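Notes for the structure review
Read off the chains here:
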Amino acid sequence: MSATPLLEHLRGLIRAGGPLTVERYMEIALWHPQWGYYATHSPVGAHGDFVTAPEISQIFGELIGLWLADLWQRSGAPDPVIVCELGPGKGTLMADLLRAAAMVPAFRRAIRMHLVETSAKLRAVQAETLRAATPSWHPSLATVPAGFLLLVANEFLDALPVRQFERQADGWHERRVDLDAHGDLTFASDPAQSAEALAAWPTGSVAERRPTARTLARDIGERLVRQGGAALFVDYGYFPPAPGDTLQAVARHQRHAPLRDPGAADLTAHVDFADFAAAATAAGARAWGPVSQARFLKALGIDARARRLADGKDAQQQAQIESGCRRLLDETQMGTLFKALALTGRDAPTPAGFD
Ligand code: SAH
């Protein structure tokens, strides 16, 4: 391993304080202010490290815009309405969503846009894409103003760091990141048994926990109960809960070993939808789904929208629309692994796609 500044920094931390939790490792590799992945890379898009649904097809954001407009109307059309996105990437989903929202002019006029984004680089891209909508930026949900809230987040939760635990003969042990004899990063397990209450999975299993996602679900749940509204999360992950090591690193559209070259690859792990929903319902909110992305988008009318969009386009554009939809819907691509989960306050109408 060539010693990049971030690797030297991690070595120093481990030598001084002992092996790091996987959660701490992810946090540093992604968010170190100088050498972390988000400080040094433009993650999303064909020229980035991975491609997300809004970058594949404009229909994704348009359908979500109509989903919001419908929910807003059936909630009594509150004006103003806070439309908030967590981790907007290049701002593409929000731009597509707004274009569709304009089909309900009163909804579009009522929107006050708030973006939660920690990357300065991505904030600049979003400012460019969404200039006309005059968004405000926030480092977290905590500073987003109170009021009826419609929140969306695509591929946001997977970026929040996870803790990992390994089941050994004598119980669960937290997995940590240590140094081997050459000073390279390696996984090691904490010799002490973990106090964390984990499922009765067999020896050799790996379990994951995402404390920041639980806190977020609780905060959003509390807000929705008090002030009304809904939140939509689309991400890859599992439902029901399952054991497994899902930590993955991706750089330039290729899988990468998670401990190789920290800061050079995006690090994520699958979302545990049941755990996330449970934290929101414990705060009094209602959880809907998750349903597969394919089922969600079909219920919202992706097929009809694709036909209308293709109408009058040339053959190449039509093929592009068609292959984009296939990628979003196909079982072997994003259709099943990706799932949609909605949270609402207690007396909200049933969100479209979740009945
Ligand atoms: N939603 C976009 C981008 C997904 S990438 C899309 O679908 O294309 C993850 C996004 O979340 C990036 O914008 C990243 O900067 C942001 N992000 C990751 N962790 C974050 C955190 N803890 N707080 C705020 N934003 C975060």
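For the structure itself, look to the data block above.
Owing to the predicted nature of the structure, the values given are computational and were not obtained by experimental measurement. Within each chain, residue numbers correspond to sequence positions counted from 1 in written order. Where local features are concerned, this predicted model is filtered to residues with pLDDT of at least 70; where side-chain atom pairs are given and counted, the filter is 80 or more; whole-chain, interface and lining totals use all residues. Where side-chain values are given, they derive from all heavy atoms of the structure, hydrogens and water being excluded.

The next thing to look at is unusual backbone geometry. The general pattern is negative phi for most residues beyond glycine and trans for most peptide bonds. The residue after Phe239, namely Pro240, is reached through a cis peptide bond having omega 0°. A helix here means a DSSP run of H or I that spans at least four residues, while a strand means a run of E at least two residues long, and both kinds are numbered starting from the N terminus. Within the secondary structure, Pro240 sits in the loop between strand E10 (229-238) and strand E11 (248-251). Going from Gly289 to Pro290, the amide bond is cis rather than trans, its omega being 10°. Tracing the chain through its elements places Pro290 in strand E15 (residues 286-292). At Thr134, a position not held by glycine, the phi torsion is positive, near 40°. Locating Thr134 in the fold gives a position in the loop between helix H8 (120-129) and strand E4 (136-138). In this structure, His253 is a non-glycine residue whose phi angle is positive, near 65°. Residue position: His253 is located in the loop between E11 and strand E12 (254-256).

Once that is clear, we can look at the nonpolar core. Generally speaking, a soluble globular protein has its nonpolar side chains buried in company with each other. Core analysis: the largest hydrophobic core is formed by 52 residues, its most contacted members being Trp67, Val81, Phe107, Leu150, Leu232, Phe296 and Phe354. The element best represented in this core is helix H5 (residues 58-74), accounting for nine residues. The criterion used for residue contact is that any of the two residues' heavy atoms lie within 4.5 Å. If we ignore the near neighbours within four places in the chain, the residues touching Leu150 are Leu68, Leu71, Trp72, Val81, Ile82, Val83, Cys84, Phe107 and Ala230. We define the nonpolar core as a collection of buried residues of types Ala, Val, Leu, Ile, Met, Phe, Trp, Tyr and Cys that are connected through side-chain atoms lying within 4.5 Å of one another. Burial status follows relative accessibility: with a 1.4 Å probe on protein chains alone, a residue under 20% of its type maximum counts as buried, one over 50% as exposed, and anything between as partly exposed.

This part takes up the site of the ligand. Any residue with a heavy atom lying within 4 Å of a molecule or strand is counted as near it. Around the ligand, the surrounding shell holds 19 residues, and the nearest of these are Thr52, Gly87, Glu117, Thr118 and Asn154. Contact distances for the ligand include 3.2 Å between a nitrogen atom and a side-chain N or O atom of Thr118. Accessibility throughout is a Shrake-Rupley quantity obtained with a 1.4 Å probe, and a residue counts as covered only by protein chains that appear here. Burial of the ligand by the protein amounts to 93% of the accessible area it has alone, namely 570 Å². Site definitions follow a grid-based scheme: protein atoms alone, a 1 Å grid, a 1.4 Å probe that fits but cannot get out for cavities, and for pockets an open set with protein on both sides within 12 Å along at least five of seven lines, plus lining residues having an atom within 4 Å of a point. To be counted as sitting in a cavity or pocket, a molecule needs more than half of its atoms within 2 Å of that site's grid points. Here the ligand occupies the largest pocket. A per-class count over the shell around the ligand returns 10 nonpolar, six polar and three charged. Definition of a polar contact: a pair of N or O atoms within 3.5 Å, with one able to donate and the other able to accept a hydrogen when the atoms are protein atoms, and with sequence-neighbouring residues admitted only if both atoms are side-chain atoms. Three categories are distinguished: nonpolar for Ala, Val, Leu, Ile, Met, Phe, Trp, Tyr, Cys and Pro, charged for Asp, Glu, Lys and Arg, and polar for the others, with Gly belonging to the last.

What follows covers empty space enclosed by the protein. Grid points are joined across faces, edges and corners, and a volume is the space filled by probe spheres set on the points. Counted according to the given criterion, the structure contains two cavities of 30 Å³ or more. Each pocket or cavity is described by its volume, and for the largest cavity that value is around 120 Å³. What lines the largest cavity is a set of 13 residues, among which Arg210, Ala213, Val271, Asp272 and Asp275 lie closest to the centre. At the level of secondary structure, the elements contributing two or more residues to the lining of the largest cavity comprise strand E9 (206-209), helix H9 (211-227), strand E14 (271-272) and helix H10 (273-282). Residue composition of the lining of the largest cavity, grouped by class: six nonpolar, one polar and six charged. Each pocket or cavity is described by its volume, and for the second largest cavity that value is around 40 Å³. What lines the second largest cavity is a set of 13 residues, among which Pro258, Pro262, Gly263, Ala265 and Leu267 lie closest to the centre. Of the residues contributing to the lining of the second largest cavity, the split by class is nine nonpolar, two polar and two charged.

The volume enclosed by the largest pocket comes to roughly 890 Å³. Lining the largest pocket we find 41 residues, and of these Gly87, Val116, Thr118, Phe156 and Leu160 sit closest to its centre. Elements with a minimum of two residues in the lining of the largest pocket: helix H2 (22-31), helix H4 (53-56), strand E2 (81-86), helix H6 (92-101), H9 and strand E13 (266-268). The element best represented in the lining of the largest pocket is H9, accounting for seven residues. Here the lining of the largest pocket is built from residues that sort into 19 nonpolar, 10 polar and 12 charged. Taken as a whole, the second largest pocket holds about 490 Å³ of empty space. Around the second largest pocket, the lining is made up of 19 residues, and of these Phe50, Val51, Glu155, Gln248 and Phe338 lie nearest the centre. Residue assignment for the lining of the second largest pocket shows that the elements contributing at least two residues are E11, E12 and E13. Residues belonging to the lining of the second largest pocket are distributed by class as follows: eight nonpolar, six polar and five charged.

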